[in-house]
Amino acid sequence: MRDLPERTQVVIWSKDDLSINPAGVEHQKYKSGKYRHSYTGMRLLLVRDDRYYLVPPVSEKDWRDGGGRTYVLPQNDDVRLEMLPGRRPGRGI
């Protein structure tokens, strides 16, 4: 998990509350629109068989100590994912 800051950032937009609440992930609720919930702060681990495997921004130590979780989201019309660049080493972002 050392490369976690460089991994693709993911914003999750969902029709329903997904109860994703680890440290470092921000959940916002909206009163209108198709997607009433957004979650920011997750990182893309991998994509396989129309499923996205996402992890919260935890330290390597926290991950080893059992503080990390992997969230598996299917690709469907109830969830929209936005992919953003990860931090680029040497560029300060």
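Within each chain, residue numbers correspond to sequence positions counted from 1 in written order. In keeping with the predicted nature of the model, local features appear solely for residues at pLDDT of at least 70, side-chain atom pairs appear and are counted solely at 80 or more, and the whole-chain, interface and lining totals rest on all residues. Side-chain measures were taken over the full set of non-hydrogen atoms in the model, leaving aside hydrogen atoms and water.

### A closer look at the nonpolar core
Right, so step 1: Listed in full, the twelve residues of the largest apolar core are Val10, Ile12, Ile20, Val25, Tyr39, Met42, Leu44, Tyr52, Leu54, Tyr71, Leu73 and Val79.
Right, so step 2: Secondary structure counts use DSSP, requiring at least four H or I residues in a row for a helix and at least two E residues in a row for a strand, with both numbered from the N terminus. In terms of residue count, the dominant contributor to this core is strand 3 (residues 37-48) (three residues).
Right, so step 3: Whether two residues touch is decided by their heavy atoms; if any such pair falls within 4.5 Å, the residues are in contact. If sequence neighbours within four positions are ignored, Val79 has contacts with Ile12, Trp13, Ser14, Tyr35 and Leu73. The set of buried Ala, Val, Leu, Ile, Met, Phe, Trp, Tyr and Cys residues whose side-chain atoms join them within 4.5 Å is what this entry labels a nonpolar core. Working definition: with a 1.4 Å probe on protein chains only, accessible area under 20% of the residue-type maximum means buried, over 50% means exposed, and in between means partly exposed.

### Some points on unusual backbone geometry
The general pattern is negative phi for most residues beyond glycine and trans for most peptide bonds.
Right, so step 1: Positive phi, close to 50 degrees, is recorded for Asp49, a residue that is not glycine.
Right, so step 2: Tracing the sequence through the fold places Asp49 in the loop between strand 3 and strand 4 (51-55).
Right, so step 3: Using a relative accessible area of 63% as the deciding quantity, one classes Asp49 as exposed.
Right, so step 4: One non-glycine residue, Asp50, lies in the positive phi region at around 60 degrees.
Right, so step 5: Looking at where Asp50 falls in the secondary structure, it is placed in the loop between strand 3 and strand 4.

### Brief notes about the pairing of strand 1 (residues 9-14)
The side chains of a regular strand alternate, first on one face of the sheet and then on the other.
Right, so step 1: Of all six residues in strand 1, five are buried, a share of seventy percent or more.
Right, so step 2: Should DSSP find at least two bridges between two strands, the strands are regarded as paired. As defined by bridge partners, strand 1 adjoins strand 3 across five bridges and the pair is classed as antiparallel. When the sheet's bridge partners are listed, Ser14 is paired in strand 3 with His37.
Right, so step 3: Where strand 1 and strand 6 (residues 79-84) come together, six bridges link them in antiparallel fashion.

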